[in-house]
Structures are given as C-alpha cells and as structure tokens.
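What follows is each chain in one-letter form.
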Amino acid sequence: MSQQAFLRDAMRRMNFTRDTLAQRIGITRRALDSWLLPDESAETRKMPDIAQRFVLEILKSAPSYTQSVDSVRPGNGELAHHLLSVDGYTRDSVEALLRVADIMQPIARRQKTTRVLEGAVLANLFFEASTRTRLSFSSAFARLGGSVCDTTGFTFSSMAKGESIADTSRVISGYADAIVVRHPELGAVAEFARATHVPVINAGDGPGEHPSQALLDLYTIQREFSRVDKLIDGAHIVFVGDLKYGRTVHSLSKLLALYRNLRFTLISPQSLMLPQHLVESLAQKGHHIEQTHDLQSGLKGADVVYATRIQKERFAQEETLEAYSADFQVNQALINATCAAHTLIMHPLPRDSRPGANDLSIDLNHDPRLAIFKQTDNGIAVRMAIFATLLGVEDQVQYSLREVGWRVPVYLGAEDEVPYGDQ
Ligand code: CP
C-alpha cells in the first residue's frame, strides 16, 4: 500500500482530521501534507519508519473494520454479490471500499498499471443516455486489465424485439464476468440481478438509485474535507435542484446518513422535493433537516453544495417546468454571497450549460471550490474498487503494480490549476 493510502486509511479509521493526526504523532501539518502527496509527486516526502510504527500503535486502539471482501460488499441478502443500492452499506463497509479506492489511485491516475482482471470481460448495458458512468466503468475495468463489450439504447438490443430482462441477463451471463446496467425503469436493474449469479452493478435505475455515483461523491467529500481539516460528522450538506427524481441525491443522502449529526438543507421547487421516505429516514437517524424553496437562505453555512440537473426526462405528463425558475441557478454571485472559502461545490454532471439554464453555472469554472472534475476523476478509482471487491481481487492489486509505459500529460484539462495526480 502506498504511504498516501496508508495515512488516509489511518485517518479514516480513527476519524481524525489531518491536524489531529499531526498533533498525535508530534509533527507539523506541513510535514503530514508532504507525506500525503502521491509517491510520484515532486513534493512528496517519505514518512520515517518510526512515524509509521507510531501510527500503527495508535491504530491498534482504534475501532477497526475487517478488510475482508464481505465487509467491503453491501449486505443485500441473497443479492449480496451485486451492487444495486447503497442500502446494505454500514459506515465501516463503505469506508473499507474507499480504502480500496485509495489503493487504486496510482492506477486511476495513470502512474501504475495492473493486470489483476486479465481475461475477465465486462458487459456494459446502457438503455439510457450516459457519458461518465458508461465510459468510466469501461475505463475502470480496462485499467484493471479486463476487456469490455457493450450495448447502448433499446434500438440496438434484442429487447427491441421483445426479449425479456431475465432472458437478456441470462444470455449475457454466459459472455461476461460482471454486468453494469443503466435502465430508465425503477427496479429494472434488480430484475437483471435476479436472473444471474454474475455480479450486476446498478448504473442508475430511473428515479431510483445510482450507487456508484454516490460512492464517488462520498469519496470526493472525504478527500476534499481532509485537505481543509473537516470531518463528515457534523457537516452541513445542501442539496439543490431536482431532489424528487435526482437518483444521485437519493443514494448519497443514504450514505451520508451513516455519519453522525449532519445538517441537511434540501432546496427544491415544491414539485421536486426529496421523497418523504428519504426525509423520514434521515430524521430517524438523528440528522437535522430543513426543507426550503429559497436558494439564497438555504445555501448559508454550507460545507457542501450539491447541485443537480432537472430530470425533465422523468417528469410525468402533468408535470411542467413552470415552478422551476431561474432563481434556482447556482452561480458565482450566489456562492460568493452565501458560502465560505472552503465550501465544496459539487454536481454529479451532466449540467445544462446552455444560456439561461437553471443549473450549476459555468461562471464558477475558475472557482477553486468547484469539485466537479475531482468527482469525475475519482469515479475511476471508486469504480475500480467496486469491480475489484465484487470479483475478489482487491488484495492482489498492491502486489501487481508496474510502471506505466506511455506519456501522461501533466495537466489534463485546458484550465486545470493542479497537476493531474497531485489532487
Ligand atoms: N453522473 C452521471 O451519471 O453521468 P452520466 O449520465 O453521463 O453517466
């Protein structure tokens, strides 16, 4: 395990901020930050052996989770070998998965390669539009050494000829070792899973859930909070937009509910409020919830602003966009007026970037608080972790790493301010 993954795991298991860990082991925060950089970074410093032994000593007295495959998988009873929902996760099991994602980072960031899934095949079945989820699941599987076959839309699948989900699932089980499915209907991915013993991953089922997106969002929040010495416990999370159909919010709210004493502000038009069963579930777990239609007041004091796109494609016939005015656009002026220097601005993407859209504005593109491309980049490591744990190779990865043989750009995006890999 890399030094960075070791230290991040230690902080996660002890629920320590960087300042707390630095204090406990008697070093400066600056020294700890340099130990937490990726091995390949020019600024990284090696942690002395004595410090590592000290951290291990502190860890012995910390409440620990086991690192077996079972603990990393959500426990969904007979469907436990699939990832259909975040419902089965505990705080320990989700954090164990995030630990595996940390181990994947050097591969995801193209500093190392592995072949642990050489010979394995992924079937990517997307019956709804997607850029991120489809391509990042493909990329994650390929970076583990596997290969990918896929189909997109109903038109190019034999479902267009009336084939059932059960038949389709059974057929593909003979071709692939993992199946990723996005489908416009709630519950359709679970139907795929019931027809196969090959692991099925829900890549979004209508207005239901999007578990892998929520896992990468949680991972991003934890990584970014760590830089500014915050813990998820006690954080103020603001969800904005279409909370009724926004499946990423449904899954992420459930994962965040595993932490303690959060404050949730739910900002949406009246017609697009978070489903009541999710609100009640958050309240039952002891979190504080406010629901409002007022963006300006709702954003105040946010640690995380999580904006979402209006899912027009899911509207029932009688539903219209009338209630959703330009007042719901999250833009630079609004963020400056309501949020702090360390507020994290997130969005699962895609956002509607057309002029006048009621979405996350492109005028925030140069704001260092904007984490949208950190989310997309982290999606690779998290999806690699999902595959590795579902297929039982997560313990082999760290012993299989080799140097990359090709040139990787120092910056990926034309406007990136931080070299790729130093995030
Ligand atoms: N966040 C997300 O699910 O994006 P895509 O629809 O592009 O996959």
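Residues numbered from 1 in each chain as written. Predicted model: local features only at pLDDT ≥ 70, side-chain atom pairs only at ≥ 80, totals over all residues. Heavy atoms only, no water.

Caption draft 1: Focus on the sheet that holds strand E4 (residues 178–183). Strand order across the open sheet formed by four strands is E3-E2-E4-E5, with parallel pairing between neighbours. The open sheet has two edge strands, strand E3 (147–152) and strand E5 (200–205), and neither has a second partner. Put simply, the sheet's adjacent strands are angled 15° from each other on average, direction ignored. Contacts between helix H15 (residues 372–390) and the sheet are confined to strand E2 (121–126), E4 and E5, with E5 contributing the most and set at about 145° to the helix. (Pairing = 2+ DSSP bridges. Helix = DSSP H or I, 4+ residues; strand = E, 2+ residues; numbered from the N terminus. Axes fitted to C-alpha atoms, helices over the stretch in contact; angles between N-to-C directions. Contact = heavy atoms within 4.5 Å.)

Caption draft 2: Representation of the site of the ligand in the model. The environment of the ligand is made up of Ser130, Thr131, Arg132, Thr133, Arg182, His210, Gln213, Pro348, Leu349 and Pro350. Between serine 130 and the ligand, the recorded distance is 2.6 Å, taken from a side-chain N or O atom to an oxygen atom. Note that a nitrogen atom of the ligand is positioned 3.0 Å from one of the backbone N or O atoms of proline 348. Protein chains shield 92% of the accessible area of the ligand, which is 250 Å² for the free molecule. Of the residues that constitute the shell around the ligand, the class distribution is three nonpolar, five polar and two charged. (Near = heavy atom within 4 Å. Polar contact = N/O pair within 3.5 Å; in protein donor to acceptor, adjacent residues only side chain to side chain. Areas by Shrake-Rupley, 256 points an atom, 1.4 Å probe, with all protein chains shown as cover. Nonpolar A, V, L, I, M, F, W, Y, C, P; charged D, E, K, R; others polar.)

Caption draft 3: Highlighting the environment of isoleucine 172. Residue placement: isoleucine 172 occurs in helix H8 (residues 165–173). Judged by its relative accessible area of 11%, isoleucine 172 is buried. Along the sequence, isoleucine 172 and serine 281 sit 109 residues apart, while their C-alpha atoms lie 36 Å from each other. The residues contacting isoleucine 172, other than those within four sequence positions of it, are Ala123, Leu125 and Ile179. (Buried < 20%, exposed > 50% of the residue type's maximum accessible area, 1.4 Å probe, protein only.)

Caption draft 4: Main features of the pairing of strand E6 (residues 236–240). Summarising burial for E6: five of the five residues are buried, a large majority. Burial along E6 is two-sided: His236, Val238 and Val240 facing one way and Ile237 and Phe239 facing the other are all buried. Pairing of E6 with strand E7 (residues 263–267) involves five bridges; the strand directions are parallel. Its bridge partner being in E7, valine 238 is matched across the sheet by threonine 265. As paired elements, E6 and strand E9 (residues 304–307) share four bridges and run parallel to each other. Bridge pairing links phenylalanine 239 to tyrosine 306 in E9.

In short, shape yes, function no, at least from these values alone.
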